[in-house]
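So you can see what is in the structure, the chains are spelled out below.
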Amino acid sequence: MDRYDAVLVGAGMMSSTLASLLHALDPEMRLLLVERLEASALESSAAVNNAGTGHAANCELNYTPQQADGTVSTEKALAINAAFERSLEFWASLTERGVLDPGSFLHQVPHLSFVWGQEDVAFLQQRHRQLSALPAFAAMHWSTDAGQIGDWMPLVMAGRRPGQQIAATRIERGLDLDFGALTRALLLPLQTAGALQVMYGTSVQGLKRPLTESMTCCYWQLDLRGPSGRRKVQAPFVFLGAGGGALPLLQSSGIPEAADYAGFPVSGQWLVCGEPALVERHHAKVYGKAKVGAPPMSVPHLDTRWIDGKRSLLFGPYAGFSSKFLKTGSLMDLPLSVRPTNLLPMLQVGVNNLPLVKYLINQLRQSEADRMEALRAFLPEANADDWSLSVAGQRVQIIKRTPDGGRLQMGTEVVSAADGSLAALLGASPGASTSVQIMVEVLERCFAAKLATQAWQERLHQLIPSYRQDLNSDPELLARTRERSDGLLDLRV
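Report follows, based on the coordinates. (Residues numbered from 1 in each chain as written. Predicted model: local features only at pLDDT ≥ 70, side-chain atom pairs only at ≥ 80, totals over all residues. Heavy atoms only, no water.)

**Concerning the sheet that holds strand E12 (residues 229-235)**
Taken together, the four strands give an open sheet; going across it, the order is E1-E12-E11-E10, and neighbouring strands pair in mixed fashion. What marks the edges here is a single partner per strand, and that holds for strand E1 (2-3) and strand E10 (203-208). (Pairing = 2+ DSSP bridges. Helix = DSSP H or I, 4+ residues; strand = E, 2+ residues; numbered from the N terminus.)

Put into structure tokens, the structure is as follows:
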């Protein structure tokens with residue numbers, strides 16, 4: 001039976017980031033990465049399966065919900081922005097060391113919010129008023145002038161009804177990211193150095209902690225099935241970063257913390273345009289506002305996108321429902337995840353989120369004409385012949401058992417064993433954009449003793465100079481951090 005210092009399940013952004021961090025902190029660690037598909041980043045991290053937005057809360061209106069008094073809450077926006085800066089710091093450090101080539105996975109593209117109608121214009125103006133007063137968003141521009149907005153996004157304004165009440169905000173320092181390319185770039189040097197063994201086409205058939213005579217155990221045993229047959233491996237630490245597939249594995253581990261969780265799978269679709277004449281006329285990620293009663297995941301956006309180096313336009317998302325937890329998963333994923341401990345929370349979420357259920361039903365009933373109508377709200381002159389429908393990745397939203405009943409959670413959450421021997425990442429967006437912050441949280445929970453040593457502290461600060469400092473309360477630190485990252489990643493400011 002082979003033994004490793006850590007086994008990571010799922011070859012996407014999360015596992016590749018954690019593997020990079022662990023190797024940098026302790027080059028002697030033996031790491032194993034297990035992936036059931038034939039290559040890395042084929043599920044949620046694949047460029048074709050996500051919008052590629054570098055989520056920094058620059059334009060995503062659902063990160064600043066409106067309050068009863070008309071103001072917006074900025075807490076989540078600030079937290080996401082700071083977390084994205086951590087990712088940029090880490091990628092910049094790896095670039096400085098010659099590990100990454102930023103041109104292979106990132107492109108700078110402005111982030112805009114765009115709304116129309118008196119109520120939504122008032123909301124966006126309030127959002128701009130509050131955010132632009134904060135150092136993190138001080139560079140946010142505001143306009144209600146059709147000419148100015150037309151300069152920012154000419155394709156969106158072409159053919160728009162004269163006199164329509166519109167408004168937009170713009171931040172120049174935005175990014176489009178190919179998380180698939182980044183995942184592969186993070187894994188390659190680890191494999192080349194022999195620090196990471198990767199088993200593709202291999203699934204986890206069993207995950208348990210064998211008990212000794214003293215009824216304790218200090219390692220996990222994983223039963224694997226791959227191209228060469230079945231094998232067993234052991235490790236004192238296991239990370240479950242398999243996207244939607246993490247929940248079933250977490251449940252199979254038997255740790256008590258898993259009992260509080262269930263999953264709600266949501267599928268997605270995009271309209272994609274590769275017509276060069278149109279692609280060249282739009283250089284922005286433009287986010288709108290979800291309709292009244294629609295869930296946050298339904299925020300429409302029109303994106304400039306680079307996939308495998310090729311530029312295109314993407315609009316969506318159009319949501320749907322499938323009981324699969326992965327795009328390549330099984331229709332039995334959802335039924336098999338039901339447990340006595342999570343059945344009631346799942347039913348409570350269904351009853352308490354009827355607008356979401358209605359929204360999904362309406363999305364499933366959409367025709368091509370319905371999808372084009374939604375697109376033309378952004379692009380009045382859109383021609384159906386220029387756009388094709390593409391299936392995006394599968395997302396599993398978190399359902400959590402709480403003292404107040406079942407709760408549907410957007411975003412991501414780390415679930416870990418009390419002894420830190422196992423961690424799993426559940427949830428979806430902003431996920432990959434904040435992967436470094438999330439994996440640092442895994443380190444703090446599961447490698448606390450090692451992280452407290454001088455060696456690990458020094459190495460982590462070299463990778464993330466602002467570690468354990470609050471970027472939002474120190475404008476000078478934020479400015480220095482951004483200046484360093486922008487210089488190393490070759491970002492224009």
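**Structural notes on helix H13 (residues 435-446)**
Along its 12 residues, H13 runs 16 Å from first to last C-alpha, staying within 8% of the 16 Å computed at 1.5 Å per residue. In this structure, the buried side of H13 is in contact with helix H1 (13-25), helix H2 (75-96), strand E13 (238-240), strand E21 (412-416), strand E22 (422-427) and helix H14 (448-451). (Expected span 1.5 Å × (residues − 1). Contact = heavy atoms within 4.5 Å.)

**Remarks on the environment of Asp386**
Here Asp386 shows up in the loop between helix H12 (368-378) and strand E18 (388-391). Look at Asp386 and you get partly exposed, because its relative accessible area is 26%. The sequence separation of Asp386 and Leu278 amounts to 108 residues, and the corresponding C-alpha distance is 8.8 Å. Setting aside chain neighbours within four positions, we find Asp386 in contact with Val272, Cys273, Gly274, Glu275 and Leu278. (Buried < 20%, exposed > 50% of the residue type's maximum accessible area, 1.4 Å probe, protein only.)

**What about the pairing of strand E3 (residues 31-34)?**
It is a general feature of regular strands that their side chains alternate between the two faces of the sheet. Neither face of E3 is left uncovered, since the one carrying Leu31 and Leu33 and the one carrying Leu32 and Val34 both have all their residues buried. With H1 bridging strand E2 (residues 6-9) and its parallel neighbour E3, the resulting β-α-β unit is right-handed. Looking at chain direction, E3 and strand E9 (residues 196-199) are connected through four bridges and run parallel. Across the sheet, the residue bridging to Val34 is Met199, located in E9. (Right-handed = clockwise from strand over helix to strand, strands pointing away.)

**Notes on the nonpolar core**
Of all hydrophobic cores here, the largest spans 57 residues; its most connected members are Leu18, Leu22, Trp91, Phe237, Phe239 and Val442. It is H1 that contributes the most residues to this core, eight residues altogether. Counting 43 residues, the second-largest nonpolar core is a separate cluster that includes Ala258, Val266, Leu408 and Ala417. (Core = buried A, V, L, I, M, F, W, Y, C linked by side-chain atoms within 4.5 Å.)

**Brief notes about unusual backbone geometry**
Note: most peptide bonds trans; most residues except glycine with negative phi. Going from Gly316 to Pro317, the amide bond is cis rather than trans, its omega being 0 degrees. Turning to its location among the elements, Pro317 is positioned in strand E17 (residues 310-320). The phi angle at Ala57 is positive, at roughly 65 degrees, despite the residue not being glycine. Residue position: Ala57 is located in the loop between E3 and H2.

**Concerning the pattern of salt bridges**
Enumeration according to the criterion identifies 17 salt bridges in this entry. Salt-bridge contacts for Lys232 lead to Asp223; the nearest nitrogen and oxygen are separated by 2.7 Å. On the accessibility criterion, Asp223 (14% relative accessible area) is buried. The closest approach of N and O atoms between Arg401 and Asp260, which form a salt bridge, is 2.7 Å. (Salt bridge = Lys/Arg side-chain N within 4 Å of Asp/Glu carboxyl O.)

**Some thoughts on the pairing of E17**
The element E17 is largely enclosed, with a buried count of eight among its 11 residues. Relative to E17, strand E14 (residues 261-273) is paired through six bridges, and the arrangement is antiparallel. The residue of E17 that forms the bridge with Gly268 is Ala319. Where strand E16 (residues 301-307) lies against E17, seven bridges are found, and the strand directions are antiparallel. Bridge pairing in E17 places Trp306 opposite Arg311. The hairpin turn running from E16 into E17, its antiparallel successor, is two residues long, and Asp308 in that turn takes a positive phi close to 55 degrees.

These values are about where atoms sit, not about what they do.
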